[in-house]
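# Architecture at a glance
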Amino acid sequence: MTHVLDPDALSDDARALSVPLPPYRDVTRSDSAFRAFLHGLPGVDQVGAEARVAQLGSRSIKTTSKAWAIDTAISMVDLTTLEGADTPGKVRSLAAKAKSPDPTDPTCPRVAAVCVYGDLAGVAREALGDSGVHVAAVATAFPSGRASRAVKLADVRDAVQNGADEIDMVIDRGAFLSGRYLEVYEEIVAVKEACGDAHLKVILETGELVTLDNVRRASWIAMLAGGDFIKTSTGKVSPAATLPVGLVMLEAVRDFRAATGRQIGFKPAGGIRTTKDAIKHLVLINETVGPDWLHADWFRFGASSLLNDLLLQRQKLRTGHYSGPDYVSVD
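Let me begin by describing the structure that accompanies this report.

Quick notes on the rules
- Residues numbered from 1 in each chain as written.
- Predicted model: local features only at pLDDT ≥ 70, side-chain atom pairs only at ≥ 80, totals over all residues.
- Heavy atoms only, no water.
- Phe/Tyr/Trp six-rings, centres within 6.5 Å; stacked < 30°, edge-to-face > 60°.
- Helix = DSSP H or I, 4+ residues; strand = E, 2+ residues; numbered from the N terminus.
- Buried < 20%, exposed > 50% of the residue type's maximum accessible area, 1.4 Å probe, protein only.
- Salt bridge = Lys/Arg side-chain N within 4 Å of Asp/Glu carboxyl O.
- Pairing = 2+ DSSP bridges.
- Right-handed = clockwise from strand over helix to strand, strands pointing away.

### So, the packing of aromatic side chains
Aromatic ring pairs: the centre-centre distance and the angle between the two ring planes describe each pair. Evaluation of the coordinates by the stated rule reveals nine aromatic pairs. Their ring planes at 75° and their centres at 5.4 Å tell us that tyrosine 24 and tryptophan 220 sit as a pair that is edge-to-face. Residue tyrosine 24 is found in the loop between helix 1 (12-17) and helix 2 (31-39), and its partner tryptophan 220 is found in helix 10 (residues 212-224); the two are separated by 196 residues along the sequence. Both residues of the pair, tyrosine 24 and tryptophan 220, belong to the buried class.

Dropping the structure here:
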């Protein structure tokens, strides 16, 4: 069965998104054409990727650079709570921390966003006010992605209506692993339209994609379909944000910009808990795609516990003493 978008069923914005940028205008004309394109992408040398990230992960960061890296990492955090037991009170507390991560130090940067379930996006929006911190909401039947397309799109529209200005969607991994690439592409296009002005982060759930070649293919599907960011994981599946996966996804956004002129953001999520982990990712970005991506507009950490470790390391650099976990709030 061929899944070709009906141009008459789309808005002008969605119709524009359904046609990939040059030089890829024809790759989604049919299932077979899209499959040929995706399987024609250069293969990933897994051993080489692991060796490359091991080399970059061994870089030593000096005090001045470390202070910059910590502040930069804090400004890139999507402070996240995605639990069934989440309450409006917990979201308000998280929003207060997002606006002022270290109340004892007004020079500490605020985080990039607060990430919650869509029904709590309104609580986060009200609590964050005009702080400049974004409201990100997960949608499309997060984390499984198992729902009808109509339900997924309603989920997105509800989150945006509640106040989310960023949407984190999950791709249909079942469709992807079955080789139904055009179906995955079309769904992302439809979700992008449902987002309106909200930015779209496309979660690949790389722990379920099996191979790095699949990670590269899924990255290209998401970018061609109009995603503003590609994101590793929901944080609910292990492994999540590994450095080899990050390398492959960063190479994809680099190559996509070189080919189309369009820059796509990258968000690793799941398992990034320490300052050391964060700095390894910043080094990976700088060495793979360059400083253009070293900004919260183009790179985010999806994390809950990472911020506390960054704050403790920041306090240690500032005071010379390690404060310990009692000096930061428990989220």
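### Considering the pattern of salt bridges
Tallying each qualifying case throughout the model produces 26 salt bridges. Between glutamate 83 and lysine 236 there is a salt bridge, with the nearest N and O atoms lying 3.5 Å from each other. With glutamate 83 in the loop between strand 1 (77-80) and helix 5 (88-99) and lysine 236 in the loop between strand 6 (229-231) and helix 11 (243-260), this residue pair connects regions lying 153 residues apart in the sequence. A salt bridge links glutamate 187 to lysine 152; the nearest nitrogen and oxygen atoms lie 2.9 Å apart. Of this pair, glutamate 187 sits in helix 9 (residues 181-195) while lysine 152 sits in helix 7 (residues 149-162), placing them 35 residues apart in sequence. In this pair, the class of glutamate 187 matches that of lysine 152, namely buried. In this structure, a network of salt bridges that share partners links the residues Asp78, Glu166, Asp168, Lys201, Lys231, Lys267 and Arg300.

### Focus on the pairing of strand 2 (residues 113-117)
Counting buried positions along strand 2 yields four of five residues, so the element is predominantly enclosed. Judged from the three bridges that link them, strand 1 and strand 2 form a sheet pairing that is parallel. Among the inter-strand pairings, leucine 79 is bridged to a residue of strand 2, identified as valine 114. Two elements, strand 2 and strand 3 (residues 134-138), share five bridges in a ladder whose sense is parallel. Paired with valine 116 across the two strands is alanine 137, which belongs to strand 3. Handedness of the crossover joining strand 2 and strand 3 through helix 6 (residues 121-128) is recorded here as right-handed.

Read these as geometric descriptors, not functional statements.
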